[in-house]
Amino acid sequence: MSSPETNKAGTAGNGAKDITVVHLMRHGEVENPDGILYGRLPGYHLSELGRKMAERVAEHLASRDVTYVCASPLERAQETATPIAKAHGLDLATDGRLIEADNVFQGKTFGVGDGALQRPENWKHLVNPFRPSWGEPYIDQVVRMMGALDAARDQARGHEAVLVSHQLPIWIVRSYVERRRLWHDPRKRQCTLASLTSFTYRGDKIVSVGYSEPVIDLVPVHLRAGAKPQKGKGTVQGKAFGA
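Reading guide: rules and limits
Residues numbered from 1 in each chain as written. Predicted model: local features only at pLDDT ≥ 70, side-chain atom pairs only at ≥ 80, totals over all residues. Heavy atoms only, no water. Salt bridge = Lys/Arg side-chain N within 4 Å of Asp/Glu carboxyl O. Helix = DSSP H or I, 4+ residues; strand = E, 2+ residues; numbered from the N terminus. Buried < 20%, exposed > 50% of the residue type's maximum accessible area, 1.4 Å probe, protein only. Contact = heavy atoms within 4.5 Å.

For the rest of this paragraph, the subject is the pattern of salt bridges. A complete count under the given rule lists 13 salt bridges for this structure. Arg157 serves as the salt-bridge partner of Asp204, at 2.3 Å between the closest nitrogen and oxygen. Residue Asp204 is located in the loop between strand E5 (196-202) and strand E6 (205-212), and its partner Arg157 is located in the loop between helix H4 (138-155) and strand E4 (160-165); the two are separated by 47 residues in the primary sequence. Connected through shared salt-bridge partners, Asp150, Arg153, Asp154, Arg157 and Asp204 make up one network.

All right, on to unusual backbone geometry then. The backbone of Arg179 sits at a positive phi, close to 60°, despite the residue not being glycine. With phi around 60°, Ala194 is a residue other than glycine that occupies positive phi space. With respect to the helices, strands and loops of the structure, Ala194 is situated in the loop between helix H5 (167-177) and E5. Exposure remark for Ala194: the relative accessible area of 0% places this residue in the buried category.

When you line up the elements, Ser47 lands in the loop between strand E1 (19-26) and helix H1 (48-61). Ser47 sits in the buried class, given a relative accessible area of 4%. Those residues in contact with Ser47 that lie beyond four places of it in its chain are Glu29, Val30 and Glu31.

In short, the description is geometric, and any link to function would need to be established separately.
Structural data, given as structure tokens:
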């Protein structure tokens, strides 16, 4: 269902009342020197680079017809959304349905090169990649994220909304809308830091999905989609955990 040019976000165009665009934005880079899979843990804030990403996206969206801005309750999402809401003179709303996916490895390091996959105590959590067995079921993520999308559509009918969330829930709901299987290779998620996955509604129905990376020049190369795996704490197959 992607639009012909998936590198461009959807737009409400001439502002027709039956067209609404909801942008799902991934938050900016997080300060995480210890490489912890931070998941839903409190206390993880944007890094200096992450704050720059947030400001740049706010500038990118400043001319858009945004009438509603909402974020996950986690600090990194709130901090990413704040400049966008400010640029449009809006109060920032919070929706718990936009939160990061739950994960049993939260609070631990779990990455390429640290031996996590070789530890017997972890094996019981890795038996079913289709559900998945290590965290929140994919279908549960779809249900809550679709609820958040539809609520934002109702708040911004005929205009645009921005919702700041996290990589996995964004990718899962996009996969569902585009009718792909939910289980997947994490290395192939098209959802870089501070990216926009944009859902265009006609009335109550999603008619297209667009994707853009307005600050790709600020995203470290090893965190971009398709990057090669890098050894070290807090990464799996080249992706930062708790994203």
